[in-house]
Structures are given as structure tokens and as C-alpha cells.
Amino acid sequence: MNFRLEIGLSLLGVCLQFTGCAGFSFVPQTKNFSEESCALSEVLLEMLVGPLNELSPVFFYDESSKETLPLNHILKSSGNMNALSVRSVDSLPENKNEEFPAFNGSTIISEIKDQVAVLLIGDVDFWIEDFSNSWLFRQVVVVIENSKNVKSFTKKNIIRHARNAIFIERYPRVGFLDGVTIKTFDYFGDQLKLLQNWNKTAFSSTSYLGPDQFQDFRGVTLHIASDSDDSPLVFEAEKNESLTGLNIEIVKALSKWLNFQFTTTYASSDFQWADFDNGTFNGLLGDVQHGDKNFTINYLTITRERAYYFDASVPYYWEGFGFALRDAPPLPEWRKLFRPFLLTVWGACAAAVVLVPIVLFGLSNSITTNSRPCTLEQAYFLFFTILIRQSPKMLPGRASEKLLVLAWLMVSFLLTSFYTSNLIAVLSVPVYPPKLETLDDLANHPTRTLMLDYGEFVPEALLASTELTMRKLGEKMDLFPIEDKDMHLYEGIRILERGQHALIETYSYLKLWTAEYWNSTADFYFLKDQIYTGPLAFFFRKHTPWSHKFNQGIQSLFEAGIINKWYEDFMNIKHEVQSEKNEQALNLNHVQGPFLLLALGLGAAILVFAVEITSHRRGSVALRAPAPPI
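Note that the structure is a prediction, hence the values are computed from the model and not measured.

What counts, and at which threshold
Residues numbered from 1 in each chain as written. Predicted model: local features only at pLDDT ≥ 70, side-chain atom pairs only at ≥ 80, totals over all residues. Heavy atoms only, no water. Helix = DSSP H or I, 4+ residues; strand = E, 2+ residues; numbered from the N terminus. Contact = heavy atoms within 4.5 Å. Areas by Shrake-Rupley, 256 points an atom, 1.4 Å probe, with all protein chains shown as cover. Axes fitted to C-alpha atoms, helices over the stretch in contact; angles between N-to-C directions. Parallel < 35°, antiparallel > 145°, perpendicular 65-115°, else oblique. Left-handed = near helix turned anticlockwise from the far one by under 90°. Nonpolar A, V, L, I, M, F, W, Y, C, P; charged D, E, K, R; others polar. Core = buried A, V, L, I, M, F, W, Y, C linked by side-chain atoms within 4.5 Å. Buried < 20%, exposed > 50% of the residue type's maximum accessible area, 1.4 Å probe, protein only. Expected span 1.5 Å × (residues − 1). Salt bridge = Lys/Arg side-chain N within 4 Å of Asp/Glu carboxyl O. Pairing = 2+ DSSP bridges. Arc of directions from axis to C-beta. Phe/Tyr/Trp six-rings, centres within 6.5 Å; stacked < 30°, edge-to-face > 60°. Lys NZ or Arg CZ within 6 Å of the ring centre and 35° of its normal. Patch = residues over 30% accessible without salt bridge, like charges linked within 9 Å, V, L, I, M, F, W, Y side chains within 5 Å. Lys, Arg positive; Asp, Glu negative; His and termini not counted. Charge placed at Lys NZ, Arg CZ, Asp CG, Glu CD.

Quick word on the overall build of the protein
- For the protein, the count of helices and strands is 19 helices and 23 strands.
- The long-range fraction of contacts in the protein, counting pairs at least 24 apart against all pairs at least 6 apart in sequence, stands at 70%.
- Carbon and sulfur atoms make up 56% of the accessible area of the protein, which totals about 34700 Å².

Side note on the packing of helix H6 (residues 246-258) against helix H17 (residues 547-559)
- Across the interface, H6 lies against H17 with an axial gap of 10 Å and an inter-helix angle of 120°. What the angle tells us is that H6 and H17 run oblique. Helix-helix and strand crossings are classified by hand; for H6 and H17 the assignment is right-handed. Of H17, the residues touching H6 (which contributes Ile250, Ala253, Leu254, Trp257 and Leu258) are Lys549, Phe550, Gln552, Gly553, Ile554 and Leu557.
- Within the contact of H6 with H17, the residues separate by chemical class into eight nonpolar, two polar and one charged.

Quick look at the nonpolar core
- Core analysis: the biggest nonpolar cluster contains 77 residues, and Leu246, Ile250, Phe295, Tyr316, Phe323, Phe538 and Phe550 have the highest contact counts within it.
- In terms of residues, this core owes the most to one element, H6, which gives six residues.
- Not counting chain neighbours up to four residues away, the residues in contact with Tyr316 comprise Leu233, Leu246, Asn247, Ile250, Ile297, Asn298, Leu536, Ala537, Phe538, Ile554, Phe558 and Ile563.

As for the environment of Ile121
- Tracing the chain through its elements places Ile121 in strand E3 (residues 116-121).
- When its relative accessible area of 1% is taken as the criterion, Ile121 is described as buried.

Describing H6
- Taking 1.5 Å as the rise per residue, H6 with 13 residues should run 18 Å; its terminal C-alpha atoms sit 19 Å apart, in good agreement.
- Buried residues of H6: Leu246, Asn247, Ile248, Ile250, Val251, Leu254, Ser255 and Leu258, and no others.
- Positive phi appears at Asn259, one or two residues downstream of H6, with a value of about 65°.

Concerning the pattern of salt bridges
- Inspection of every chain in the model, using the stated rule, returns nine salt bridges.
- When the shortest N-O distance is used, the salt bridge between Asp190 and Arg160 registers 2.8 Å. Here Asp190 is found in the loop between strand E6 (179-186) and strand E7 (191-197), whereas its partner Arg160 is found in helix H5 (residues 157-160), with 30 residues between them in sequence.
- Note on Asp190: relative accessible area 31%, which makes it partly exposed.
- According to the relative accessible area criterion, Arg160 is partly exposed, its value standing at 24%.

Section: the sheet that holds strand E9 (residues 229-230)
- Spatially, three strands are ordered E9-E10-E11 in an open sheet, and the strand pairing comes out antiparallel. Each end of this open sheet is capped by a strand with a single partner; those strands are E9 and strand E11 (243-244).
- Relative to strand E10 (residues 234-236), E9 runs antiparallel, the two sharing two bridges. Pairing of Asp230 across the sheet is with Val234, part of E10.

Section: helix H14 (residues 468-475)
- Residues of H14 that are buried: Met470, Leu473 and Gly474. Along the axis of H14, the buried residues cluster in a sector spanning 100°; they form a single face. Across from the buried face of H14, at angles greater than 90 degrees, the exposed residues are Leu468 and Glu475.
- Summarising the contacts, the buried residues of H14 are in contact with strand E17 (317-326), helix H12 (439-443), strand E18 (448-453), helix H13 (458-463), strand E19 (477-481) and strand E22 (531-536).

A short note on the pairing of E17
- Counted residue by residue, E17 has eight buried out of ten residues, so it is predominantly covered.
- For E17 and E22, the ladder comprises four bridges, and the chain directions are antiparallel. Within E22, the residue paired with Trp318 across the bridge is Pro535.
- Strand direction decides the pairing type here: E17 and strand E20 (residues 501-506), joined by four bridges, are antiparallel. Across the sheet, residue Phe321 finds its bridge partner in E20, namely Thr506.

Focus on the side chain of Thr184
- Note that Thr184 resides in strand E6.
- Residue Thr184 is classed as buried on the basis of its relative accessible area of 14%.
- If we skip the residues at most four places from it in the chain, Thr184 touches Ala165, Ile166, Gln191, Leu192, Lys193 and Leu195.

Brief notes about the packing of aromatic side chains
- Under the counting rule described, the total for this entry stands at 32 aromatic pairs.
- For the ring pair Phe276 and Tyr309, a centre distance of 5.6 Å and an interplane angle of 45° mean the geometry is tilted. On the criterion of sequence distance, the pair formed by Phe276 in strand E13 (residues 276-277) and Tyr309 in helix H8 (residues 304-309) is long-range, its members being 33 residues apart.
- Taken together, the aromatic side chains of Phe185, Tyr187, Phe188, Phe214, Phe217, Phe260, Phe295, Tyr316, Phe538, Phe540, Trp546 and Phe550 make up a single cluster linked through ring pairs.
- The ring centre of Tyr187 lies 5.7 Å from the NZ or CZ of Arg160, which sits over that ring.
- It is Lys435 that lies over the ring of Tyr525; its NZ or CZ is 4.8 Å from the centre.

Focus on the sheet that holds strand E8 (residues 220-225)
- Pairing within the open sheet is mixed, and its five strands lie in the order E12-E8-E15-E23-E16. Edge positions in the sheet fall to strand E12 (260-263) and strand E16 (310-312), since each has one partner strand and no second.
- By the bridge criterion, two bridges tie strand E15 (residues 295-296) to strand E23 (residues 539-541) in an arrangement that is antiparallel. Paired with Thr296 across the bridge in E23 is Phe539.
- Lying on the sheet, H6 is in contact with E8 and E12; it crosses E12 at an angle near 150°.

Description of unusual backbone geometry
- Of note, the bond from Ser231 into Pro232 is cis; its omega dihedral lies within 30 degrees of zero at 0°.
- Along the chain, Pro232 turns up in the loop between E9 and E10.
- For Asp190, which is not a glycine, the phi torsion comes out positive at approximately 55°.
- A positive phi angle, close to 55°, is found at Arg218, a residue other than glycine.
- Residue classification places Arg218 among the partly exposed positions, given a relative accessible area of 44%.

Brief notes about a negative patch on the surface
- Judged by side-chain charge, Asp275, Asp277, Asp453 and Glu460 come together as a negatively charged surface patch.
- Structurally, Asp453 is set in strand E18.

A word on the packing of helix H9 (residues 343-366) against helix H10 (residues 376-387)
- At a minimum axis distance of 9 Å, the contact between H9 and H10 shows a crossing angle of 130°. Taken together, H9 and H10 sit at an angle that is classed as oblique. Judged by the sense of rotation from one axis to the other, the crossing of H9 with H10 is right-handed. In contact with Val353, Val354, Val356, Pro357, Ile358, Leu360 and Phe361 of H9, H10 contributes Leu376, Ala379, Tyr380, Leu382, Phe383 and Leu387.
- Considering only residue class, the contact of H9 with H10 consists of 13 nonpolar, no polar and no charged.

Structural measurements only, silent on function.
So, in C-alpha cells, the structure goes:
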């Protein structure tokens, strides 16, 4: 009897080899592998030498699946044992926050999602619940022998967070062995869809595990956490009060490409921005982290904490925090009379006016001739008359004196031409004291820094900085409390208008708001340097399976230059009205200098006239006095 049984089993093994299991090197006498397991094993082997060949698959199995599927023989037959990892579900960590370890070394796999998980599920499937958020994969292959509970698997984290999940099931067919079907998980339909019956040719290419299920979002509505006070990224349109801006345009373009709808908010649920405290975010990121929204699009740079708790998109723009300062009050208008020349030029002119007449006086009196010598008073009057482009009443008679006067005529013409030209240029342009230009200038200046207290990391980061300049900026920072969200920046700019603070805010936002508040009595300028520049990105819930499609779209828009074009357009739209300067004629304030000179001249003339009157009266009295008796 035993001999006949051995012969029967041997014949069964030969039949199995000729009916689809010829690629396996296992001995059927020692294991009771079922017909359906043989069909699944054949598919697994073909996938290992096909699409899984370069994807470093990680096998997870329970003992029930190992009893029915010849896993060891499949791996040996694939001829690629070094690239494969096998882990029993009995060794899954009890702590679901434990990171996923590497199998072929002692290091930790930093990007577990880059691998493919192959789940071999037998009669027991409860262990699939043990895959926490630290144990998720971009692609998942589920091999199921018993498909009665297959629909329940679509609710599991490891399936819902995978970019691509396929299910390998057997189905009855006429013949000795069962066939195998390939189903895919339809994320937006929340169901399994039949892809096709197994066909080795269809899955022969490397790295192909079915079509991209996120090519079309099929009109699904995505909910965005947004704040309308974030120009030029997100802000209210003036005409219809709907949200617009650079990031709204990016989402609109992606929605047309991927076929989805979206909703936005005018503020976060708690009216905060995105502060991080003890592992939890508030504001916009808090709405995403708690599952109320799908992603957020406001001004948020990629930081270590945000990258850990969220999926960040590829950067769409780089920016930092800028400093706005008020220009110091312009210098008095009368000082513009001295602006055409530097002090050195004025000194040279004064020296020439003083010394050249003395030279003329010396030449005139050095040699006795028939001509009347020039007095020192006449020499000064002559040169001053020429300097102000007036015709002199007398000219020297000697050749040497004439050459000196001719040289002075040329010098006076050039100096007065230069002065007149520069004076015209400066009369209508405000003249300011030197400005602060760098962070070092601001750190070492009495001007304090000011920032609105809405939860940004900048105040704490400045105080904790190891750079002396940054720490100085943090030590003299004043935080302005926010009472009315719609008026907070206006209040900050009013403080800035006093000229004692430098206002810190995101650079583009700060430029737009100061431009909107611009007026003739308070002009602002910006430091050349920015602090904490970084990549701006969208933030999705952790392990969002379709975030890579946004990355593809954003990358395409960026490389085409469309994002930069939109940015420039929105900056111009918000700034074009405020940036226009109307032409204006010279007013009395512009030309006060000449009238001040006239007033000074009149005052000096009156003073000299008073002295002359006094001297004349004293002389008259002396003449009328009687002569003393002899």
C-alpha cells in the first residue's frame, strides 16, 4: 500500500510539472501543496523574474501561508536571493512606532516606501493590522489563497496608503489547475477592480505592477486648509472676494490636469498659523494633521518637524523673511543748495575765491607802471562778478593780469555749469541720510526689530542662533500681539512708520503690504539680506498615496517657467497702483534755499547799512563840533 502511494505521489509530481509548475524545484512527496497554491506559486515566480526583479521585494508571511505556498523553493528558483527579504509576521514589533529595520544589514531603511511589500496571506489575516504608519510601502502585492475576506483588506493602512496595490487571487477554471486573477485597489472608488487574468506577457516589463491609478482623480473633492491673508500666494480678490493668488493658480492647473474639485478656507479652524508644540501642530498644519483637510498651500517652508509629520511636495518657490525700515526724514530743503558738490569741491572753490584775487592784487602792485594799480577790494569784486556770470566794469591792463582773468573766466564757467546742472537734479529729489543695508548694520544700530506674534519660529530661532548678528536681532525684538487679524499688519506698519523698528515678515508679503500702505509722508525700504530662506511647499497628510502626482505637476509648471510668471503677475497686480508716482512741479519747499539766501543777504545788508548809518552820524557830529580855543 505504501509503495503504491509513493508511486502515485511521484506521478502527481510529474503531472504538476507538465501543467504549469515546471519551474519549481520542490519534492511533492514531502509537502502537501494544493493545486491552487501551485498556480499562485507559478505567478509569484514569474513576477519575481519580471516586475519584481529590480524592486527589492519584502515578503511577509504567516505560518498558514508557508504551509501551503512553497516560499523557499520560489525564492531559490528566482535566482535572486540577495535582493529579497523575508520576514515572518511573528517578528513584527509590538510597538507600532518602531521603525522598519533592514534585513541585509544593521542599518535602518530610511525610505521604506521605496520597496515593495509582498503579503502572503493564508487562513489567518489578522496580522495585517500590525502594519503601522512606520511600516508602509509605495507598492503592495497581496497573495491570497482564501478570497472570502478580500474586501476587508481595502480598509487597512498598508493598502490605503500605497500608491499601487494589486491582489493576486485564484479563480476556478476548467482543467487540472485553477487560474489566477489580478485585481487593483481603486482608491477613489474604494473598491477592488479586476485588472485581468494573469498573463505573464502583460507583466513582463521590469518595475511594472499595473497602471497608475492616480492618472485621473475622477472629480473627487479635495479639501484645502488655507488662509486668505498671505499675499501673493493666497489672498482675496478685490472684485468677488474669492481666493486668488499664486498657489490658487497652481492648484487650479493641477485640478484640470488630474480632474478634481477643491474647497478652500479663509482661515484655519483655530485662527492660528502653523505652530509646533510637543508633537502637535495647530493652525493650517493642525487641520491637515487631524484629518480635517487633505493638504495646505500657504507660506510654509520645509523643516525637519514638518517633513517628519507630513508629506511635503517638491518646492515651488524659495523665499525667506525680509526687513522693512522707514526711510529717515529727508534733510532740510535749504541744504540742497550744497548738494551739487561734495565738501572737497566746496573747499577747493572757496580756496580759489580767496587766493586768486590776492594773486591778481600782487601782480598789479609788483611793478610800477603808468596804469593805476588794482586794489584788493577791486580784485575780489572783479573775480566774484565773473564767478556769478556778470560783466565786470573794469579789466586789468597788463598781459599777465589778463591771462589770470581769462583762466578764471573758464574756471567760473565750468564750475557754475556743473553746479546748475546738479542743482536742477537734486531740487525735486528728497535727500536722505545714509541707509542701513545689511544685517550687521541693523544688528549694531539702535533700531529695534518688530514681528507680529502669530506663532512663527523666527523669534525663538534668532535667540537660539549661534551667530552673533542673528542673536543680536533676536535680543532686541519686540513681538506685537494680534488682536484683530484683519488689521494686525496695518498696526505693525503704523509702528514701523515711527521710524524706531524694522518690521520682519515674509519677503513678498511684506513688500506688497508696505506698497499698499505707501504714502508721501512715510516711505519704506528693504534690507538686501533675507533670513531663513527656504523651499516653499504644499503639505499633505502623512503617507498620502497621490501626493506624487502633485509633485509631477508642480515640477512641470516650475520647469516651464509658469510659476515664476504667475508670481511676477501677482506682484505687479498688487503693486501697480501703489507704485505709480505722479509727476509734480517744484513747490516753494523745493526752492526755499535761494529765498533763504535772499533773506540772509537782506539781513546782512541791513546790518551793514546800520553800521554805515552809525559811522556816518559819528562823522557828522565830529565835523560840527567847535574847534577848541587857542
